[in-house]
Amino acid sequence: MNLKRIFGALLTALGIGGLIYTAVIFASTSGGTTDVKSLIIYGILGIIFFVSGISLVRTTKDES
């Protein structure tokens, strides 16, 4: 059991969740300032988690 791969998968799942939540906020937004701020914050965090999780899974070598 490789801990780095599990952590990478967890980060990827959190990133996907953040991006989906950003899409839901974007679909139901009315254009207010707080909506734009939350879109930016959740979108950036989702992208960071997703990219770091994917790169962690990709660069971790199989040792089985």
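Residues numbered from 1 in each chain as written. Predicted model: local features only at pLDDT ≥ 70, side-chain atom pairs only at ≥ 80, totals over all residues. Heavy atoms only, no water.

Time to look at the overall build of the protein. When helices and strands are tallied, the protein shows 2 helices and 0 strands. Over its C-alpha atoms the protein spans a radius of gyration of 15 Å, topping by over 25% the 11 Å that the globule rule assigns to 64 residues. Look at the contacts in the protein between residues 6 or more apart in sequence, and 76% of them connect residues 24 or more apart. (Helix = DSSP H or I, 4+ residues; strand = E, 2+ residues; numbered from the N terminus. Rg over C-alpha atoms; globule rule 2.2 N^0.38 Å. Contact = heavy atoms within 4.5 Å.)

For the rest of this paragraph, the subject is the UniProt feature "transmembrane region" (unreviewed entry) in the protein. The UniProt feature table records "transmembrane region" (unreviewed entry) at residues 7–27 and 39–57. The straight-line gap between the two end C-alpha atoms of residues 7–27 is 30 Å; of that span, 100% is helix and 0% is strand. As annotated, residues 39–57 has a helix share of 100% and a strand share of 0%, and its two end C-alpha atoms lie 27 Å apart. (UniProt positions renumbered as here; feature names shortened; annotations may be inferred.)

So, about the packing of aromatic side chains. This structure, assessed with the given rule, holds 1 aromatic pair. Aromatic pair Tyr21 and Tyr42: ring centres 5.0 Å apart, planes at 80°, arrangement edge-to-face. With Tyr21 in helix α1 (residues 3–27) and Tyr42 in helix α2 (residues 33–59), the pair connects residues that are 21 residues apart, well separated along the chain. (Phe/Tyr/Trp six-rings, centres within 6.5 Å; stacked < 30°, edge-to-face > 60°.)

Residue placement: Leu10 occurs in helix α1. Classification of Leu10 as partly exposed rests on a relative accessible area of 49%. Considered as a pair, Leu10 and Ser30 are 20 residues apart in the sequence and their alpha carbons are 32 Å apart. (Buried < 20%, exposed > 50% of the residue type's maximum accessible area, 1.4 Å probe, protein only.)

The end-to-end C-alpha separation of α1 is 36 Å, in line with the 36 Å expected for 25 residues at 1.5 Å each. All of the buried residues in α1 are Gly8, Leu11, Thr12, Gly15, Gly18, Thr22 and Ile25. Packing partners of the buried residues in α1 comprise α2. (Expected span 1.5 Å × (residues − 1).)

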